[in-house]
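# Results of the structural survey
Below, each chain spelled out in residue letters.
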Amino acid sequence: MLALIHCPSLPLLQYKSNPSLKVLVLNFLRPEIREQNMKVLNSIPLHALLVMQLFSGLALSQDFDFFYLVQQWPGSFCDTQKSCCYPTTGKPAADFGIHGLWPNYESGSYPSNCDPNNPFNPSETSDLKKSMQTNWPTLACPSNDGTEFWSHEWEKHGTCSESVLKQHDYFETALQLKAKVDLLGALKVAGVNPDGSSYSLKDIKDAIKAGTGYTPWIQCNTDPSGNSQLYQVYLCIDKTGSDLIECPVFPRGKCASEIEFPSF
Ligand code: AMP
């Protein structure tokens, strides 16, 4: 059974009709469960295989529904008990940075780590590296050039949308979307500045809606004194990665009604 669940894109009937394919698939399994799987496969009646084939096809066409584009205020990532480390390329710009482009389901849940056979490969995105360093900066410790953060984002989230965006296109799409959405500009126009003072959550949401045309979801974190602060902004993107959409569902969690916007 394991072989069937792990390889939903392989036509099940071929397992029955093609012995070498059956062996190939079973070869991915640990030896102790290989024998057991071979027996299970041989014992499944043809009509049951047909039904399973149908469901595996449905699962494949429903791999996700939309993306969250998640942008982060670096001042809030750093202004915590844990603090942060600037990347080896230097202090990032005082602007929102990309955290990730996350495939999500309309139910509110999300797929993760979908393809262990497709790890992050820096050579596929070498033409984007400069732009990623500027727009998708790592702030994790110890200081590094960003490769660890991008690997994590690709492997946890990006691999779950690879039916739509291959590795290069996944990163390029996130960069293009960020370029379309000037969060800091939208906030500044409304008089919301990263100056360490507090603003109403409603004013922040209204400013982003006015600037982008879409309703954001705001995630807060807390500074070392326990004050709620503007941490991340979620906007929704259609399944192709092309256009902003109104979010079909928002994540859970709540900010205070007044939140700080720390400097960076
Ligand atoms: P995710 O698993 O995609 O939800 O992202 C959460 C992880 O990303 C946590 O381990 C965070 O510490 C890490 N993270 C968030 N922002 C950054 C950043 N700017 N640089 C490095 N790691 C980050």
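Check the entry above for the structure.
Residues numbered from 1 in each chain as written. Predicted model: local features only at pLDDT ≥ 70, side-chain atom pairs only at ≥ 80, totals over all residues. Heavy atoms only, no water.

## Observations concerning the site of the ligand
Put simply, the rule is: Any residue with a heavy atom positioned within 4 Å of a molecule or strand is treated as near that molecule or strand. Residues adjacent in sequence count toward polar contacts only when both atoms are side-chain atoms; beyond that, a polar contact is any pair of N or O atoms within 3.5 Å, and within protein one must be able to donate a hydrogen and the other to accept it. Helix and strand labels come from DSSP, where a helix needs a run of H or I of at least four residues and a strand needs a run of E of at least two; each type is numbered from the N terminus. For this classification, Asp, Glu, Lys and Arg are treated as charged, while Ala, Val, Leu, Ile, Met, Phe, Trp, Tyr, Cys and Pro are nonpolar and the rest, including Gly, are polar.
Near the ligand, the surroundings consist of 13 residues, among which Gln72, His152, Glu153, Lys156 and His157 are the closest. In the model, an oxygen atom of the ligand is placed 2.9 Å from a nitrogen or oxygen of the histidine 99 side chain. Histidine 152 places a side-chain nitrogen or oxygen 2.6 Å from an oxygen atom of the ligand. At the level of elements, strand S2 (97–104) and helix H8 (147–156) are the ones that each hand at least two residues to the shell around the ligand. With four residues, the single largest contributor to the shell around the ligand is H8. Taken together, the residues of the shell around the ligand break down into six nonpolar, five polar and two charged.

## Some words on the state of the cysteines
So the rule is basically this: A pair of sulfur atoms, both from cysteines and within 2.5 Å, is called a disulfide here. Whether a residue is buried, partly exposed or exposed follows from its accessible area with a 1.4 Å probe, protein chains only, as a fraction of its type maximum: under 20%, in between, or over 50%, in that order.
If you walk through the whole model with that rule in mind, you get five disulfides. What pairs with cysteine 85 in a disulfide is cysteine 141, and their sulfur atoms sit 2.1 Å apart. Every disulfide takes its handedness from the sign of the S-S torsion; for cysteine 85 and cysteine 141 that torsion is 105°, giving right-handed. Within this pair, whereas cysteine 85 is found in the loop between helix H6 (74–78) and S2, its partner cysteine 141 is found in the loop between helix H7 (129–135) and H8, the two being separated by 56 residues in sequence. Taking the relative accessible area as the measure of exposure, cysteine 141 reaches 45% and is therefore partly exposed. Disulfide pairing places cysteine 220 opposite cysteine 255 at an S-S distance of 2.0 Å. Between cysteine 220 and cysteine 255, the S-S dihedral sits near 105°, and the bridge is therefore right-handed. With cysteine 220 in strand S4 (residues 217–222) and cysteine 255 in the loop between strand S6 (244–245) and strand S7 (258–260), the pair connects residues that are 35 residues apart, well separated along the chain. Judged by relative accessible area, which is 19%, cysteine 220 ranks as buried. Residue cysteine 255 is classed as buried on the basis of its relative accessible area of 13%.

## Thoughts on unusual backbone geometry
Here the residue pair cysteine 141 and proline 142 is connected by a cis peptide bond, since its omega of -5° sits within 30 degrees of zero. Along the chain, the position of proline 142 falls in the loop between H7 and H8. Even without a glycine there, the phi angle at serine 83 is positive, about 65°.

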